[in-house]
Every structure is written in structure tokens, then in C-alpha cells.
Amino acid sequence: MAQSTKSNVSDLGGDINKQMAVLREDIANLTATVADYGKAQGTQLKSVAMDKAANAATAGAATANAAKQKAEATYADAENAVRANPAAAVGIAAGLGFVVGMLTSRR
């Protein structure tokens, strides 16, 4: 009976080595699969980020263009108002200059 147990233990030792080899192979395969999945997710996230950045740049350019046009229109309106009423424009500018001077000279 002692030999039968010894024989079973030696068989288990061989089986354990085989099982360990199979486990190592499975772990290597899982590692490769997780790495591939991570790369795929990274590529997808990079693509989404690039698309959003491009959309934001386009929207920013459109907003900047609209602001530029509004500023040009406002400047033209102010210029036309000054040309139509030069005395009032000089009076307003002098008044604002006086107020700014008073505020900055106070201590």
C-alpha cells in the first residue's frame, strides 16, 4: 500500500507540472488578449478625442469669426456716430477723460 501511494504522488507531480504549464500558457494568452484590448480601446479613445478636438476647433473658429464681424460692425457704427456728431463725441471723450483722471488721482 505504501508503494501505491508513492506511485500516485509521483503521478500527481507530473500532472502538476503539466497543469502549471497549461496555466502559464493560459496566463500568457490572457495577458496578450488584455494588451490587445487595451490597444484597441486606446486607439478608439484617441480617435474620439481627435474628432472632438477638430469639432471644438471648428466651433471656436466660427465663434471667433462671428465676434470679429460683430466688433467690426460695432466699430463702424461708432465711427459713423462720431462722424455724424463730432462735437458730442469730443464732449463725451473729454468727460470720460476727466472722470478717469479724477478716479486715478484719488488716494
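Structure: see above.
Residues numbered from 1 in each chain as written. Predicted model: local features only at pLDDT ≥ 70, side-chain atom pairs only at ≥ 80, totals over all residues. Heavy atoms only, no water.

*Asks:* Mind laying out the overall build of the chain, listing which residues take part and the relevant values?
*Replies:* Looking only at helices and strands, one finds two helices and zero strands in the chain. Counting every position in the chain, which comprises 107 residues, the buried fraction comes to 0%. Total accessible area computed for the chain in this model is approximately 9,400 Å², and 65% of it derives from carbon and sulfur atoms. (Helix = DSSP H or I, 4+ residues; strand = E, 2+ residues; numbered from the N terminus. Buried < 20%, exposed > 50% of the residue type's maximum accessible area, 1.4 Å probe, protein only. Areas by Shrake-Rupley, 256 points an atom, 1.4 Å probe, with all protein chains shown as cover.)

*Asks:* Any details on the pattern of salt bridges? Residues and values, ideally.
*Replies:* On inspection of all chains with the given rule, the structure shows one salt bridge. Residues Arg 83 and Glu 79 are paired through a salt bridge, measuring 2.8 Å at the closest nitrogen-oxygen approach. With a gap of four residues between them, Arg 83 and Glu 79 both fall in helix 1 (residues 2–84), about one helical turn apart. For Arg 83, a relative accessible area of 60% corresponds to the exposed category. On the basis of relative accessibility, which here comes to 32%, the residue Glu 79 falls in the partly exposed class. (Salt bridge = Lys/Arg side-chain N within 4 Å of Asp/Glu carboxyl O.)

*Asks:* How would you sum up a nonpolar patch on the surface? Please name residues and give values.
*Replies:* Residues Phe 98, Val 99, Met 102 and Leu 103 make up a contiguous nonpolar surface patch of roughly 420 Å² in combined accessible area. Looking at the secondary structure, you find Val 99 in helix 2 (residues 86–105). For Val 99, a relative accessible area of 44% corresponds to the partly exposed category. (Patch = residues over 30% accessible without salt bridge, like charges linked within 9 Å, V, L, I, M, F, W, Y side chains within 5 Å.)

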